[in-house]
Amino acid sequence: VTAWLASFNAKWREIVLNIQPELLFVSDYTIRAIGSEELCRALLLRSEQLDYWEIHSHILRKRFNRLDKESIVPVLQNVFEHSSSTHQKEMAIEIVRECKIHELENDLAIIFCDPSEDLLLRKTAGYALNDFASKDTRLRCKSILQEDNCCLDLKGILFRMTWPELITLTEIGNHLID
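Residues numbered from 1 in each chain as written. Predicted model: local features only at pLDDT ≥ 70, side-chain atom pairs only at ≥ 80, totals over all residues. Heavy atoms only, no water.

1. A closer look at the overall build of the protein
Okay, so step 1: The number of helices and strands found in the protein is 13 helices and zero strands.
Okay, so step 2: For the protein, the succession of helices and strands along the chain, N to C, is α-α-α-α-α-α-α-α-α-α-α-α-α.
Okay, so step 3: Of all 178 residues assigned to the protein, the portion counted as buried reaches 49%.
Okay, so step 4: Partitioning the intrachain contacts of the protein with sequence separation of at least 6 by distance along the chain shows that 62% fall at a separation of at least 24.
Okay, so step 5: Roughly 9,500 Å² of accessible area belongs to the protein as shown, and the carbon and sulfur atoms make up 52% of that amount.
Okay, so step 6: With 21 positive and 28 negative side-chain charges, the protein shows a spacing of 5 Å between the two charge centroids. (Helix = DSSP H or I, 4+ residues; strand = E, 2+ residues; numbered from the N terminus. Buried < 20%, exposed > 50% of the residue type's maximum accessible area, 1.4 Å probe, protein only. Contact = heavy atoms within 4.5 Å. Areas by Shrake-Rupley, 256 points an atom, 1.4 Å probe, with all protein chains shown as cover. Lys, Arg positive; Asp, Glu negative; His and termini not counted. Charge placed at Lys NZ, Arg CZ, Asp CG, Glu CD.)

See below:
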């Protein structure tokens, strides 16, 4: 009911967008009426108030496919390039992952390979890349093996991402013995 009302009433829409925009992902009609770009922006702002489990909710993620991918790419790219918020980046990664937005896989690879990024964020980016990244992007991610003291979790995600096509058992063995 909330989503339906928001698609017809601008005042109600603003209230819901500011308080709980994830409610508006229920209806395709509401998404079209409000616009994917506006919904995406509202959700990214809301992510600051969400905990880990809410950001990574499978129920919410499944609804991201309803968004118009072309219109949200610039919004998500802006988050990756200019936001210092880990929560916003996590939510953006989840949207990219669920929508399989190949135009942004390089942004995810940069996060995954950057040792100065938050470890949880790097893992989230790695799992997303594992789901849909191209062969070239997966190969670029092997650069994490050059890091001093690279986290075993990241190595595990990389091995999962590259096995068996892009990495050998010998390479895996060499990087597990440290």
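2. Focus: the side chain of Glu105
Okay, so step 1: Within the secondary structure, Glu105 sits in helix H9 (residues 105-113).
Okay, so step 2: Salt bridges are absent for the buried Glu105, whose nearest opposite-charge side chain, Arg140, sits at 5.8 Å.
Okay, so step 3: A distance of 2.4 Å separates a polar atom in the side chain of Glu105 from a polar atom in the side chain of Thr137.
Okay, so step 4: With sequence-adjacent residues up to four places away left out, Glu105 is seen in contact with Leu129, Phe132, Ala133, Ser134 and Thr137. (Salt bridge = Lys/Arg side-chain N within 4 Å of Asp/Glu carboxyl O. Polar contact = N/O pair within 3.5 Å; in protein donor to acceptor, adjacent residues only side chain to side chain.)

3. Here we look at unusual backbone geometry
Okay, so step 1: The step from Trp163 to Pro164 runs through a cis peptide bond, and the omega angle for that step is -5°.
Okay, so step 2: Structurally, the position occupied by Pro164 is in the loop between helix H12 (152-162) and helix H13 (169-176).
Okay, so step 3: Although it is not a glycine, Asn149 adopts a positive phi angle of roughly 55°.
Okay, so step 4: In this structure, Asn149 sits in the loop between helix H11 (135-140) and H12.
Okay, so step 5: By relative accessible area, which is 78% here, Asn149 ends up exposed.

4. With respect to the packing of helix H8 (residues 86-99) against helix H10 (residues 119-132)
Okay, so step 1: In the contact formed by H8 and H10, the axes pass within 9 Å of each other and the chain directions differ by 10°. When the axes of H8 and H10 are compared, the pair comes out roughly parallel. Along its contact with H8, which presents Thr86, Lys89, Glu90, Ile93, Glu94, Val96 and Arg97, the element H10 presents Leu120, Leu121, Thr124, Ala125, Tyr127, Ala128, Asp131 and Phe132.
Okay, so step 2: Of the residues belonging to the contact of H8 with H10, the class tally is eight nonpolar, two polar and five charged. (Axes fitted to C-alpha atoms, helices over the stretch in contact; angles between N-to-C directions. Parallel < 35°, antiparallel > 145°, perpendicular 65-115°, else oblique. Nonpolar A, V, L, I, M, F, W, Y, C, P; charged D, E, K, R; others polar.)

5. Re the state of the cysteines
Each disulfide is one covalent bond, formed between the sulfur atoms of two cysteines.
Okay, so step 1: Tallied over the full model, the rule gives zero disulfides.
Okay, so step 2: Cys99 forms no disulfide, and the closest cysteine sulfur to it belongs to Cys40, at a distance of 8.4 Å.
Okay, so step 3: Note on Cys150: no disulfide assigned, nearest cysteine sulfur contributed by Cys151 at a separation of 6.5 Å. (Disulfide = S-S within 2.5 Å.)

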